[in-house]
Amino acid sequence: MAAVFRNQCHRARRYRPSAPLARPAQLRSGSRREMNTTISPQVPAEGRTAITVAALLATYLQAVNISLPNAALPHIQGSLSMGNDEVGWVFSAYIVASVVVLPMTNWLAGRYGRKTIFQLALALFAIGMTLNTFATTSIQFVAARILQGAASGPVAPLSIAILLEVVSPARHARTNLGFTLCFLLGISSGPSIGGWLSEYYGWRSISYACLAPVAFIFAVMALFLPEKKAEHNRPFDFFGLLSFSLGMVGLQMFLDRSERLDWFASAEIWAEGVSSILGFYLFIVHVATSKTHFLNSALFRDRNLIVSTVMSFALGFVLLPTLALTSPMLEELLDYPVDTTGYMTLPRGMMLVGTVIVMSMIPSRFDNRPFVILGSALIVYANWQMLGYSPLMDQWAVAKAGLFQGAGLGILIPALAKVAFATLDPQFRPEGGALLNISRLYGSTLGISVVQLFFYNNTQAMHLALAKGLTPHHAAAHIPETLTAPILAGLNGMVTHQAATVAVIDQFKILMFAMAVVSPLALLLRPSSFQK
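**What about the overall build of the protein chain?**
Then, number 1: Each helix and strand counted, the protein chain has 21 helices and 0 strands in total.
Then, number 2: Every one of the 532 residues in the protein chain was classed for burial, and the buried ones make up 50%.
Then, number 3: If you take every contact in the protein chain between residues at least 6 apart in sequence, the share linking residues at least 24 apart comes to 85%.
Then, number 4: Taken as a whole, the protein chain presents about 25,100 Å² of accessible surface, with 67% of it coming from carbon and sulfur.

**Digging into the pattern of salt bridges**
Then, number 1: Summed over all chains, the structure comprises 1 salt bridge.
Then, number 2: With its nearest N and O atoms 3.0 Å apart, the salt bridge here joins Glu 165 to Arg 114. A residue pair is termed long-range when its members are at least 10 positions apart, and Glu 165 in helix α10 (residues 155-166) and Arg 114 in helix α8 (residues 114-134) qualify at 51 residues.
Then, number 3: On the basis of relative accessibility, which here comes to 5%, the residue Arg 114 falls in the buried class.

**Some details on helix α12 (residues 205-224)**
Then, number 1: Taking 1.5 Å as the rise per residue, α12 with 20 residues should run 28 Å; its terminal C-alpha atoms sit 30 Å apart, in good agreement.
Then, number 2: The complete set of buried residues in α12 reads Ser 205, Ile 206, Ser 207, Cys 210, Val 214, Ile 217, Val 220 and Met 221.
Then, number 3: Against the buried residues of α12 lie α4 (48-67), α8, α10 and α11 (172-201).

**Observations concerning the side chain of Thr 133**
Then, number 1: Relative to the assigned elements, Thr 133 resides in helix α8.
Then, number 2: A distance of 2.5 Å separates a polar side-chain atom of Thr 133 from the backbone oxygen of Thr 130.
Then, number 3: Beyond its immediate chain neighbours, meaning those up to four positions away, Thr 133 contacts Arg 204, Ser 207 and Tyr 208.

**Regarding the side chain of Gln 148**
Then, number 1: Its location among the elements puts Gln 148 in helix α9 (residues 138-152).
Then, number 2: Of the residues examined, Gln 148 reaches a relative accessible area of 0% and is grouped as buried.
Then, number 3: Every residue in contact with Gln 148, bar those within four places of it in the chain, is listed here: Asn 65, Tyr 94, Phe 125, Gly 128, Met 129 and Asn 132.

**Remarks on the packing of α10 against α11**
Then, number 1: Where α10 meets α11, the axes come as close as 10 Å, and the angle between the chain directions of the two elements is 155°. Taken together, the axes of α10 and α11 are roughly antiparallel relative to one another. Both α10 and α11 take part in a crossing whose hand is right-handed. Contacts between α10 and α11 involve Ala 156, Ser 159, Ile 160, Leu 163 and Leu 164 from the former and His 172, Thr 175, Asn 176 and Phe 179 from the latter.
Then, number 2: A per-class count over the contact of α10 with α11 returns 5 nonpolar, 4 polar and no charged.

**Quick look at the environment of Met 350**
Then, number 1: Mapped onto the elements, Met 350 comes out in helix α17 (residues 346-360).
Then, number 2: A relative accessible area of 61% places Met 350 in the exposed class.
Then, number 3: Taking the C-alpha atoms as reference points, Met 350 and Leu 184, 166 residues apart in sequence, are found 9.8 Å from one another.

**Regarding the packing of aromatic side chains**
Then, number 1: Enumeration according to the criterion identifies 10 aromatic pairs in this entry.
Then, number 2: The interplanar angle of 85° and the centroid separation of 5.1 Å between the aromatic rings of Trp 107 and Phe 238 together place this pair among those described as edge-to-face. Taken together, the positions of Trp 107 in helix α7 (residues 105-112) and Phe 238 in helix α13 (residues 238-257) put the pair 131 residues apart, joining distant regions of the chain.
Then, number 3: Accessibility expressed as a relative area gives 15% for Trp 107, which makes it buried.

**Quick notes on α11**
Then, number 1: Residue Ser 189 marks the point of greatest curvature in α11, where the axis turns by about 45°; the proline Pro 191 follows within four residues.
Then, number 2: Positioned one or two residues after α11, Gly 202 has a phi angle of 90°, which is positive.

**What to know about the confidence of the model for the protein chain**
Then, number 1: Across the protein chain, the average pLDDT comes to 76, with 80% of residues at 70 or higher.
Then, number 2: For the protein chain, helix α3 (residues 32-35) is the element with the lowest average pLDDT, namely 35, and α8 is the one with the highest, namely 89.
Then, number 3: Counting interchain partners and residues more than four positions distant, the pLDDT-below-50 stretch residues 1-40 has 24 contacts.

**Points about a nonpolar patch on the surface**
Then, number 1: Taken together, the side chains of Leu 120, Leu 124, Ile 127 and Leu 131 make up a nonpolar region of the molecular surface, amounting to roughly 320 Å² of accessible area.
Then, number 2: Summarising the element assignment, Leu 124 is placed in helix α8.

**Structural notes on the nonpolar core**
Then, number 1: Core analysis: the biggest nonpolar cluster contains 134 residues, and Met 221, Val 372 and Tyr 389 have the highest contact counts within it.
Then, number 2: The greatest single-element share of this core, amounting to 14 residues, is contributed by helix α15 (residues 303-333).
Then, number 3: When residues no more than four places from it in sequence are discounted, the contact partners of Val 372 are Met 311, Leu 412, Ala 415, Leu 416, Val 419, Ala 522 and Leu 525.

**Section: the packing of α8 against α10**
Then, number 1: Remark: α8 packs on α10, axes separated minimally by 10 Å, with the N-to-C direction vectors making an angle of 135°. Overall, the two elements α8 and α10 adopt an arrangement that is oblique. Crossing handedness for the pair α8 and α10: left-handed. Where α8 abuts α10, its residues Arg 114, Ile 117, Phe 118 and Ala 121 lie against Val 155, Leu 158, Ser 159, Ile 162 and Glu 165.

Calculation criteria
All residue numbers refer to position in the chain's written sequence, counted from 1. With the structure being a predicted model, the display of local features is reserved for residues of pLDDT at least 70 and the display and counting of side-chain atom pairs for 80 or more, all residues being used for whole-chain, interface and lining totals. With hydrogens and water set aside, each side-chain value is computed from the structure's full complement of heavy atoms. Helix numbers and strand numbers start at the N terminus; a helix is a DSSP run of H or I with at least 4 residues, a strand a run of E with at least 2. With a 1.4 Å probe rolled over the protein chains alone, any residue whose accessible area is under 20% of its type maximum counts as buried; one over 50% counts as exposed, and the rest are partly exposed. When checking whether two residues touch, look at their non-hydrogen atoms; a contact exists if any pair is within 4.5 Å. Shrake-Rupley sampling with a 1.4 Å probe provides the accessible areas, and residues are treated as covered by the protein chains on show and by no other component. For this analysis, a salt bridge means a side-chain nitrogen from Lys or Arg found within 4 Å of a carboxyl oxygen belonging to Asp or Glu. What a helix is expected to span follows from its residue count: subtract one and scale by 1.5 Å. Polar contact criterion, stated in full: a pair of N or O atoms within 3.5 Å, where within protein one must be able to donate a hydrogen and the other to accept it, and residues adjacent in sequence count only if both atoms are side-chain atoms. What counts as an axis is a line fitted to C-alpha atoms, over the stretch in contact for a helix, and the angles between N-to-C directions run from 0 to 180 degrees. What sets the label is the angle itself: under 35 degrees gives roughly parallel, over 145 gives roughly antiparallel, 65 to 115 gives roughly perpendicular, and the rest give oblique. Rotating anticlockwise by less than a right angle from the far helix to the near helix defines a left-handed crossing, while the corresponding clockwise rotation defines a right-handed one. Classification used: nonpolar for Ala, Val, Leu, Ile, Met, Phe, Trp, Tyr, Cys and Pro, charged for Asp, Glu, Lys and Arg, polar for all others including Gly. In this analysis, rings of Phe, Tyr and Trp, with Trp reduced to its six-membered ring, are considered paired at centre separations within 6.5 Å, and the interplanar angle assigns stacked below 30 degrees, edge-to-face beyond 60, and tilted for intermediate values. Bend is the name given here to the angle between axes fitted to two runs of seven residues, the run ending at a residue and the run starting at it. Every residue is assigned a pLDDT by the predictor, reflecting its confidence on a scale from 0 to 100. Two distance rules govern patches: like charges are joined within 9 Å, and nonpolar side chains (Val, Leu, Ile, Met, Phe, Trp, Tyr) within 5 Å, applied only to residues with over 30% relative accessible area and no salt bridge. Only buried Ala, Val, Leu, Ile, Met, Phe, Trp, Tyr and Cys residues count toward a nonpolar core, and they belong to the same one when joined by side-chain atoms within 4.5 Å.

Written out as structure tokens, the structure is:
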């Protein structure tokens, strides 16, 4: 009887869409918990489907623009006279700007209104894409990417919040899965879409193609999404965010600019290094001495969350840098067309999305720690396969390594999310999810900087090593009249090509070791309470 009564009460609470909102007087007389809740207007029934489609599409657009320029980089470099050492800025500028703004999303939405912030973000996102098309220099293009990335920061967290509000609680698990799939599908399909568009319609068509979906999302939210503000908005820890951002941005600039400016021979590099150290120092002191900051101290007392955060950082270190290395290798070293390069990344993305769907079907009572180990092992094995890349390989070698890596990522991402929250207090799960996302995104942007830095150093070292073999004792050197300037230039080009190939393969080795080093941390994970 008690169970039947509880079920009836649950159904009664679930089917009350027309219940009137509490009046301000009622809210003032309510409990403290009621006063801290947000005003939640009912979403019109006729607009729920449109809002769901628009929110998922916004999530996809935010993710696809991370990797959309990947396969189109040769066209972008040629048009903007962008140096090879500036290529990483195309990705890191977008990601870093997004991560800096992302933690402020809840405070901004509570202060100025969820609908207002969402539409403002979409408008700035569209302006950033438009500025991309007008860019004539690499600096202008990177500046537009910074604006676009900063605008994309609130899009994903607001999209999932809106989705969870417009669907019934019984469909929340499916909604979370759809949100994750849209995000992963965006990152995975970006190179293929960008490569195809840039090959047949020019690289500026990448931005033009995104303007129409942004306009659709903006119109749907303007028509159907009600405004929502927090009645009592909690103060935001701007000092903590600014100090943490100073440390990360300083480190990012230090890694990106050091090779071009000859490291500590430049005053700029000294300034960026000191800024990074100072930012991290201030953040650590702030966390240790302040009771409230934008990352709750309770998060750092949960072993599963900390281990999962470290592994998420390593996962991000592998996720995007692999794309950043593979496309230039196929286009510049193996002479594949831009659109073909994009298509060759599809097996990785398809396996990633398919594996995530399969993982969602595994019952929650299963222990996810073996899946963490399995996913890590598959990623390490995939990068080991990449060490066998050579100028003589065919497309199957890239597809096979991509399939293994996609499977590993598809297993590891949902498994880490589950074990991270297995022992965490439910009230801290939103902040824990934000911490996991931030660590993965920062892992991606730092990974891109690291592989770009070592790539150019290794290319120079290998060029010197290979050039040492070109001595007067070789047969060609005994015929001086045949060594004309074009022949010498061709010989130097062959040496440079071989050196770059070896350097790229060495970067896959770095990614493999990064994942292999953190994989044993999975043994420190604890089972959830119902598995003990």
